[in-house]
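Spelled out, the chains give:
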Amino acid sequence: TMAGEIIEKRGQGQGFRGPMSYISADGTEFGMDTLIDVMSFSEDGKMPEEIKLVPIGEWNTRKYGTVKVTASDIEEMASNFSKKYRAGIPIDIDHRQSPKYGSDAAGWIKTVTVKTDGLYGKPEWNKLGQELITDKIYKFLSPEFAPEYPDPLDKNKIIKNVFLATSLVNQP
């Protein structure tokens, strides 16, 4: 299955990284057609108070065929967020691949909400995130989520649909 072939590179379980790539179990990155529709930040320079994190839909990928995110998947992501399987949900920069910013966070996702078209979050932007957006250094978001995620307290238990992070990117 697709979930059995894909692993999130940090070893946090199987997952997707960004709209343009998958990380395979051996660490190889593969391009995709499109995983999500990306959210463009407002042109008026205001910091977004709510952002779309993961849309509901279906996408065809070159490597893995069809990827589908359902309303049920989004509901599980929201439920798992409230259960705090992750200590925090960062807004990172270029999926932690930027030579300049490394693993710096541009902010943190504080709450999530389920809407008819996907999972939304309220960000808490820090000074770096505000600078990167208002100075138009970065403009788009790219999500990271795991269809299967090892329970941090019980490695024998797999949790379905865990939202891991969102990343500021320029190449959605």
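Residue positions within a chain follow its written sequence, with the count starting from 1. Predicted model: local features are reported for residues with pLDDT of at least 70 only, side-chain atom pairs are reported and counted for 80 or more only, and whole-chain, interface and lining totals are derived from all residues. The basis for every side-chain value is the complete set of non-hydrogen atoms in the structure, without hydrogens or water.

**Describing unusual backbone geometry**
Notably, Arg96 is not glycine yet its phi reads approximately 60 degrees, a positive angle. Along the chain, Arg96 turns up in the loop between strand E7 (89–93) and strand E8 (105–115). Non-glycine residue Asn161 carries a positive phi angle of around 60 degrees. In this description a helix means any DSSP run of H or I spanning at least four residues, a strand means any run of E spanning at least two, and both kinds are numbered starting from the N terminus. Here Asn161 shows up in strand E11 (residues 158–169). Buried means the residue's accessible area, taken with a 1.4 Å probe over protein chains only, is under 20% of the maximum for its type, while exposed means over 50%, and partly exposed covers the values in between. Residue classification places Asn161 among the buried residues on the basis of a relative accessible area of 8%.

**Remarks on the pattern of salt bridges**
The rule for a salt bridge is simple: a side-chain nitrogen of Lys or Arg has to be within 4 Å of a carboxyl oxygen of Asp or Glu. Counted under the stated rule, the structure contains 6 salt bridges. The partner of Asp117 in a salt bridge is Lys52, with the nearest N and O atoms 3.2 Å apart. Of this pair, Asp117 sits in the loop between E8 and strand E9 (118–125) while Lys52 sits in strand E4 (residues 51–55), and the two are 65 residues apart along the sequence. Accessibility expressed as a relative area gives 31% for Asp117, which makes it partly exposed. Accessibility expressed as a relative area gives 19% for Lys52, which makes it buried. For Lys157, the salt bridge identified is with Asp151, shortest N-O distance 3.8 Å. Owing to a relative accessible area of 38%, Lys157 belongs among the partly exposed residues under this scheme. Looking at Asp151, the relative accessible area reads 6%, which means it is buried.

**Some remarks on the nonpolar core**
Residues belong to one nonpolar core when they are buried, are Ala, Val, Leu, Ile, Met, Phe, Trp, Tyr or Cys, and are joined through side-chain atoms within 4.5 Å. One finds Leu53, Val54, Ile109, Leu119 and Leu168 to be the most contacted residues of the largest nonpolar core, which totals 26 residues. No other element matches the 4 residues that helix H2 (residues 71–82) contributes to this core. Here a residue-residue contact requires only that any non-hydrogen atoms of the pair lie within 4.5 Å. Contacts of Leu119, omitting those with residues within four sequence positions, involve Ile51, Lys52, Leu53, Val54, Ile74, Met77, Ala78, Val112, Thr113, Val114 and Phe163. One finds Tyr85, Ala146, Ile159 and Val162 within the second-largest nonpolar core, a separate group that totals 6 residues.

**So, the packing of aromatic side chains**
Working definition: an aromatic ring pair is given by the centre-to-centre distance plus the angle between the planes. A pair of Phe, Tyr and Trp rings is counted when the ring centres sit within 6.5 Å of each other, with Trp represented by its six-membered ring. The angle between the planes then sorts it: under 30 degrees is stacked, over 60 is edge-to-face, the rest tilted. The full count for this structure, using the stated rule, is 1 aromatic pair. Taken together, a centroid distance of 6.4 Å and an interplanar angle of 70 degrees make the contact between Tyr101 and Tyr138 edge-to-face. Of this pair, Tyr101 sits in the loop between E7 and E8 while Tyr138 sits in the loop between helix H3 (127–134) and strand E10 (140–150), and the two are 37 residues apart along the sequence. The exposure class assigned to Tyr101 is buried, which follows from its relative accessible area of 11%. A relative accessible area of 8% means that Tyr138 is categorised as buried. We count a charge as sitting over a ring when the NZ of a lysine or the CZ of an arginine lies within 6 Å of the ring centre and within 35 degrees of the ring normal. In this arrangement the basic side chain of Lys115 is found over the ring face of Tyr120, its NZ or CZ atom lying 4.6 Å from the centre.

**What to know about H2**
An expected span of 1.5 Å times one less than the residue number is assigned to each helix. Compared with the 16 Å implied by 1.5 Å per residue over 12 residues, the 17 Å span of H2 between its first and last C-alpha is a close match. Every buried residue belonging to H2 is among Asp73, Ile74, Met77, Ala78, Asn80 and Phe81, and all of these are buried. Seen from one end, H2 has its buried residues packed into an arc of 165 degrees, which puts them on one side. Lys84 sits one or two positions beyond H2 and adopts a positive phi of about 60 degrees. In this context, the arc is that of the directions from the helix axis out to the C-beta atoms.

**Focus on the confidence of the model for the protein chain**
Per-residue confidence from the predictor is reported as pLDDT, a score between 0 and 100. This prediction gives the protein chain a mean pLDDT of 75; 70% of its residues lie at or above 70. Across residues 1–14 the pLDDT falls below 50, and counting only partners more than four positions away or on other chains, this stretch makes 44 contacts in the model. A low-confidence stretch, residues 17–39 (pLDDT under 50), is modelled with 84 contacts involving residues beyond four sequence positions or located in other chains.

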